[in-house]
Structure formats: structure tokens, C-alpha cells
Amino acid sequence: MKTNSNQGSCLKRFDEKQIADRYRISAETFLLTFNLIFFSGMVKIFDGQWAVPVTEMVVLLGLPMTYFGVRSALKGAYFPGQIEKHGWLIIFISIAIGLLSMSFSILQIMKSGSIMDNGMLSGDLFFFFLGIPILATPIAFLIKKMNKEEAEE
Amino acid sequence: MSKNLKIKAARASKDMTQRDLAEAVGVTRQTMNAIEMGDYNPTLNLCISICKVLEKTLDELFWEESD
């Protein structure tokens, strides 16, 4: 096999398609965040507070974070092709933290018996919405990794 | 965007895999696959790199004849 030695033979950490994907995903995430804040504001104006402030904050942060993380993982925009040892450690720690966070939230909900508090989403959901992006991103990455390995076989 | 079968043919004629070509031009295999499948429009710099590695001209690999 003959290759041109003038070309960059070493694989850069991220290439131009990954950079382009990042711009696209960032713009989509911005629009999602914008819309969520807008609708949250509209609901507050016409219907009043829909969640306790801490839960409202984590919903408005957590949903765009989940979208950004999952889309980036599935597109391979922020992650190198090969995972090094510490990469696997980060993935499993992240899954563990996500599961722990959601379990804690579910236990709190079971204890209080409701997710509503005076007609608003209660503070018990804080760790649930916090756990979603922490759990979803590494899972999306693992799915992408498994699909990639199947495609290469 | 249609599939770029010219790159695939040129790559096969030089007995290169997608991974080989991707490494030679400094991109990921996924990017090279997206270019061949017509899912991604490469920059001119990347087109030139691919042409140099495959020893073809830009016309030979990227020009599409209109019907």
C-alpha cells in the first residue's frame, strides 16, 4: 500500500466533521434551552410557579445537558474513537453516580408519596433530573461504541 | 447527497481500507465513511488530501456530471 508521505499520517484527536457536529449540536442545544426558558416563563406568567426553584433550575439545565451529551456521544463529536483505561473508569463512575442520584430521588419520592408539593413539582425531583444527563451520556456512548464495534466486525 | 463511489473504487484499487485512508489523511474512520456515503461534505483541504493519497485529481474523485 502506497501513501503520500506529505500527508499528515497521524490521526488528529478530532477532525473537521467532529468540529462541524459540535457547532450543530451546540446550536440545537441553545435553541432547546431558549425554548425551555421561554415556555417556563410563559407557564409562570399565566399559570404560576410550576416547580420549586431548585427543581425548576435543574429541569432547565438537565434537559439541554442530556440532549447535548447524548447527541455528542452518538455523533462522536466530543469523544475520541479509542477509549483509554481512565476513559472506561470515567464512564463507569458516571453511570454509578447517575444511578445513585436517581435511586436517592426515587427513595425520597417513595418516602413523601408524591412528586407534587402545593401544586408544584417538589424538590425531591432535584436528584432525578440531575441524574438524567449524568446517566444518559455514558449510556449513549456505550451504545455508540457497541454499534461501532458491530459495524467493524 | 449521493454516495461517492469514486473514492471507494479508488481506495479499493490501492488496496486500502477506510481506516487506512482515514489515518493517511488525518481523520476518523467515521468521517471517511460519512464522505463515501454522501452524508458529509468535506472541506477543500480534506478533498485535496484524499486526492493526494489516492493519486487522483479533484475532478476524478469529486466532480459529478450533471444529467
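Read on for an overview of the structure. (Residues numbered from 1 in each chain as written. Chains lettered and ligands numbered in written order. Predicted model: local features only at pLDDT ≥ 70, side-chain atom pairs only at ≥ 80, totals over all residues. Heavy atoms only, no water.)

Focus: helix α2 (residues 53-75) of chain A
Residues and elements named next belong to chain A. Going by this rule: Strands are runs of DSSP state E lasting at least 2 residues, helices are runs of H or I lasting at least 4, and numbering of each runs from the N terminus. An expected span of 1.5 Å times one less than the residue number is assigned to each helix. Here's how the labels work: a residue is buried when its accessible area is under 20% of the maximum for its type, exposed when over 50%, partly exposed in between, all with a 1.4 Å probe on protein chains only.
Taking 1.5 Å per residue, 23 residues should reach 33 Å; α2 reaches 33 Å between its end C-alpha atoms and fits that length. Looking only at α2, the buried set comprises Thr55, Glu56, Val58, Val59, Leu60, Gly62, Pro64, Thr66, Gly69, Ser72 and Ala73. Following α2 by one or two positions, Gly76 has its phi on the positive side, about 70 degrees.

Considerations on the packing of aromatic side chains
Residue and element names in this part refer to chain A. For clarity, the threshold we go by: Between rings of Phe, Tyr and Trp, where Trp is taken as its six-membered ring, a pair exists when centres lie within 6.5 Å; planes separated by under 30 degrees are stacked, by over 60 edge-to-face, and by other angles tilted.
The full count for this structure, using the stated rule, is six aromatic pairs over all chains. For the pair Phe30 and Phe34, a centre-to-centre distance of 6.2 Å together with 40 degrees between the ring planes defines the contact as tilted. Within this pair, Phe30 and its partner Phe34 are both found in helix α1 (residues 16-47), separated by four residues, close to a single helical turn. Between Phe38 and Phe39, the aromatic rings sit 5.5 Å apart at their centres with planes inclined by 75 degrees, giving edge-to-face as the arrangement. Among the residues examined, Phe39 registers a relative accessible area of 52% and is labelled exposed. Among the aromatic residues, those joined into a cluster by ring pairs are Phe104, Phe126 and Phe127.

Focus on the nonpolar core
Which entries qualify depends on this criterion: Within this scheme, the nonpolar core is defined by two criteria: the residues are buried Ala, Val, Leu, Ile, Met, Phe, Trp, Tyr or Cys, and they are joined through side-chain atoms within 4.5 Å.
Counting 18 residues, the largest nonpolar core has Ile7, Leu21, Val25, Met32, Ile50, Leu54 and Leu61 of chain B as its most contacted members. Breaking this core down by element, the ones donating at least two residues are α1 (5-13), α2 (18-25), α3 (29-37) and α4 (44-54) of chain B. At five residues, the largest contribution of residues to this core is made by α4 of chain B. Counting residues in each nonpolar core, the second largest holds nine residues, with Ala51, Val58, Ile109 and Phe126 of chain A among its members.

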